[in-house]
Amino acid sequence: MNNKLYGNLIFELSKPGRKGYSLPKTDYQHTTCELPQQLRRTEDATLPECDELTVVRHYTNLSHNNFGVNDGFYPLGSCTMKYNPIINEELAAATNANKLHPAQSVHTTQGALSLYNQLAKMLANLTGLAEFTLNPCAGAHGELTGLMVIRAYHQSRGDNQRVKVLIPDSAHGTNPASAAVCGLEVIEVKSLADGTVDVEDLKTKLGDDIAAMMMTNPNTLGIFEKRIPEIAQLVHNCGGLMYYDGANLNPMLGVCRPGDMGFDVMHINLHKTFSTPHGGGGPGAGPVGVRKGLEQFLPTPRIVETKDGCGECFERHEGNYEQSLGSIGNYLGNFNVLVKAYAYILSLGNEHIKEVGPLSTLNANYIKDQLKDVYELPIDGHCMHEFVFDGLKDKSTGVTTMDVAKRLLDYGYHAPTIYFPLLFHESLMIEPTENESKDTLDQFIGVMRKIAEEAKNNPELVKTAPHSTPIGRVDDVEAAKHPITTYQQLINSNI
Ligand SMILES: *Cc1c(COP(=O)(O)O)cnc(C)c1O
């Protein structure tokens, strides 16, 4: 029996005169503060009037409509929805970490600055690059920072005609967006049928106007780009730099390092691989690493270790870096995300961090191989941490990737990433992560097979899914183009 008031807005629960609080009468005389006439309301705001328990139940019930990694399997490809250990949250929430102010004197923040410094070194070790800034607040923010480093490098050499960035057609949408925000021109590089970069196409686009090539590895199809050394050499030979989109570093952790592959600049999404919940809009962190010779272009403020310290060893430097980009945001970034990443890396240690990549790869390959007889696998062979199906194998049922994704909700799963990458019409991109047990994977595989059966025997059931969620299918286009965000509008438009 479900007596939850799902559909009701707080306004619809309102009864005139109901209150969730009362204030004691005051014995003091107040003179009302007069607002200028033109600023005053002409009628009272229509605010909901509810008792406290109704309010508490309303928002508690709404919160139950959320779905997170802690609710169930969340195979959203390219997003690395892995478990974020609770202990790391507790450490980040501890008062000595979360009550700091970034402008506080360095005498009182030596521990925090030491953490910043150590984490930067750990990331440098994991990636094979020389130095990191932890200041950027998201993956895209890291991309922009990295591209600004690259532009500053070229300009410092008087190489001002380098205004183009090469980006494979399989890239995440933030790559071309960041290049455009940085004022650079995007040149698309084609992919081959096996999903990797078409090196012959790349060769035709190289020249002395190339600032950089941005690559994701494994790419967004979950395929390892085997020709990186050759690509890096081609790009370097024409004077460009190699940028590594390390948002999905998970499968690489402790196994191979972008710095060793010939990349010059990269970013990492701490909120994907290093234990910060994401998907709700932040906070995140997109540290940027550079190879030796590019450190001077990194943003400020910087944390500098002083050798002569007796007890105090860290200083925060704001300026005095002639070639630095300057500040790219709020002080030293989102510190609580850095605390979680630091705790996560330390708790795994050098030995266990090496297991993350292989396990995430094993899990993805297991699901792929168990389902490829009923789902279309356009690029067969070994994948890394994720892979892409091109819809159901049997196209005669008319059941689409959207239908499969919606039907998964009925079975209590978050849907995989759908209709991305754009290389296929019916993309269904699955990333299980290393945390899931074989039982969970087997259950998911069972449900995916069941949906394929349903598509054959009862396609209407799948096409009209979901059947068990508070609302059915929303009109995505209408919701994006004409969102109704106030109650008043709802009344007026008679919806
Ligand atoms: C998630 C992701 C990004 C963007 O990261 P944000 O933190 O969302 O800005 C960039 N590239 C790839 C490959 C990603 O998966």
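The structure we're discussing is the one just above.
Residues numbered from 1 in each chain as written. Predicted model: local features only at pLDDT ≥ 70, side-chain atom pairs only at ≥ 80, totals over all residues. Heavy atoms only, no water.

1. With respect to the overall build of the chain
And step 1. Within the chain one finds 16 helices and 12 strands.
And step 2. Along the longest, intermediate and shortest principal axes, the C-alpha atoms of the chain span 75 × 70 × 45 Å.
And step 3. The proportion of buried residues among the 495 residues of the chain is 46%.
And step 4. The long-range fraction of contacts in the chain, counting pairs at least 24 apart against all pairs at least 6 apart in sequence, stands at 69%.
And step 5. Summed over all atoms, the accessible surface of the chain reaches about 25,100 Å², with 53% contributed by carbon and sulfur.
And step 6. Placing the 42 positive and 58 negative side-chain charges of the chain at their respective mean positions leaves the two points 1 Å apart. (Helix = DSSP H or I, 4+ residues; strand = E, 2+ residues; numbered from the N terminus. Buried < 20%, exposed > 50% of the residue type's maximum accessible area, 1.4 Å probe, protein only. Contact = heavy atoms within 4.5 Å. Areas by Shrake-Rupley, 256 points an atom, 1.4 Å probe, with all protein chains shown as cover. Lys, Arg positive; Asp, Glu negative; His and termini not counted. Charge placed at Lys NZ, Arg CZ, Asp CG, Glu CD.)

2. Considerations on the sheet that holds strand β5 (residues 241–246)
And step 1. Here seven strands make up an open sheet; going across it, the order is β1-β7-β6-β5-β4-β2-β3 and the pairing mixed. In this open sheet, the two edge strands, each paired with only one partner strand, are β1 (131–133) and β3 (185–189). Going from strand to strand, the sheet's axes swing by 25° on average, the running direction of each strand aside.
And step 2. Of the pairings in the sheet, the one linking strand β2 (residues 164–168) to strand β4 (residues 210–216) comprises three bridges and is parallel in character. Note on β4: the bridge partner recorded for K164 is I210. (Pairing = 2+ DSSP bridges. Axes fitted to C-alpha atoms, helices over the stretch in contact; angles between N-to-C directions.)

3. A word on the sheet that holds strand β12 (residues 427–430)
And step 1. Pairing is antiparallel in the open sheet, where three strands are placed in the order β10-β12-β11. At either end of the open sheet lies a strand with only one pairing partner, and these are β10 (387–390) and β11 (417–418).
And step 2. Judged from the two bridges that link them, β11 and β12 form a sheet pairing that is antiparallel. By the bridge assignment for β12, T417 is matched with M429.
And step 3. Strands in contact with helix α11 (residues 335–371) are β10 and β12; relative to β10, the strand with the most contacts, it is inclined by about 20°.

4. Remarks on the packing of aromatic side chains
And step 1. Enumeration over the complete set of coordinates arrives at nine aromatic pairs.
And step 2. Between Y153 and F297, the aromatic rings sit 6.4 Å apart at their centres with planes inclined by 85°, giving edge-to-face as the arrangement. Of this pair, Y153 sits in helix α5 (residues 139–156) while F297 sits in the loop between β7 (288–290) and β8 (302–305), placing them 144 residues apart in sequence. With respect to class, Y153 is no different from F297; both count as buried.
And step 3. With a centroid separation of 5.4 Å and 70° between ring planes, the pair formed by Y413 and F444 is classed as edge-to-face. Here Y413 is found in the loop between α12 (401–410) and β11, whereas its partner F444 is found in helix α13 (residues 438–457), with 31 residues between them in sequence. The two residues Y413 and F444 agree in class, both being buried.
And step 4. Among the aromatic side chains, those forming a connected cluster through ring pairs are F73, Y413 and F444.
And step 5. Seen from the ring of Y321, R302 lies directly overhead, with NZ or CZ sitting 4.0 Å from the centre. (Phe/Tyr/Trp six-rings, centres within 6.5 Å; stacked < 30°, edge-to-face > 60°. Lys NZ or Arg CZ within 6 Å of the ring centre and 35° of its normal.)

5. Details of the nonpolar core
Note that soluble globular proteins tend to have their nonpolar side chains buried in a common cluster.
And step 1. Counting 57 residues, the largest nonpolar core has L119, L270 and F274 as its most contacted members.
And step 2. Elements represented by at least two residues in this core include exactly α4 (110–127), β3, α7 (199–203), β4, α8 (228–237), β5, β6 (265–268) and α11.
And step 3. In terms of nonpolar packing, the next biggest core, distinct from the first, is built from 26 residues, L371, L408, Y413 and A455 among them. (Core = buried A, V, L, I, M, F, W, Y, C linked by side-chain atoms within 4.5 Å.)

6. Things to note about the pairing of β5
And step 1. Burial analysis of β5 places six of its six residues in the buried class, which makes it a mostly covered element.
And step 2. Both faces of β5 are covered, namely the face carrying L241, Y243 and D245 and the face carrying M242, Y244 and G246.
And step 3. Sheet topology places β4 next to β5; five bridges connect them, and they run parallel. Each bridged residue has a counterpart across the sheet, and for T216 the counterpart in β5 is D245.
And step 4. A crossover connection joins β4 to the parallel β5 through α8; in handedness this β-α-β unit is right-handed.
And step 5. Where β5 meets β6, four bridges bridge the pair, whose relative direction is parallel. Bridged to Y244 within β6 is M266. (Right-handed = clockwise from strand over helix to strand, strands pointing away.)

Functional significance is not addressed by these values, which are geometric in nature.
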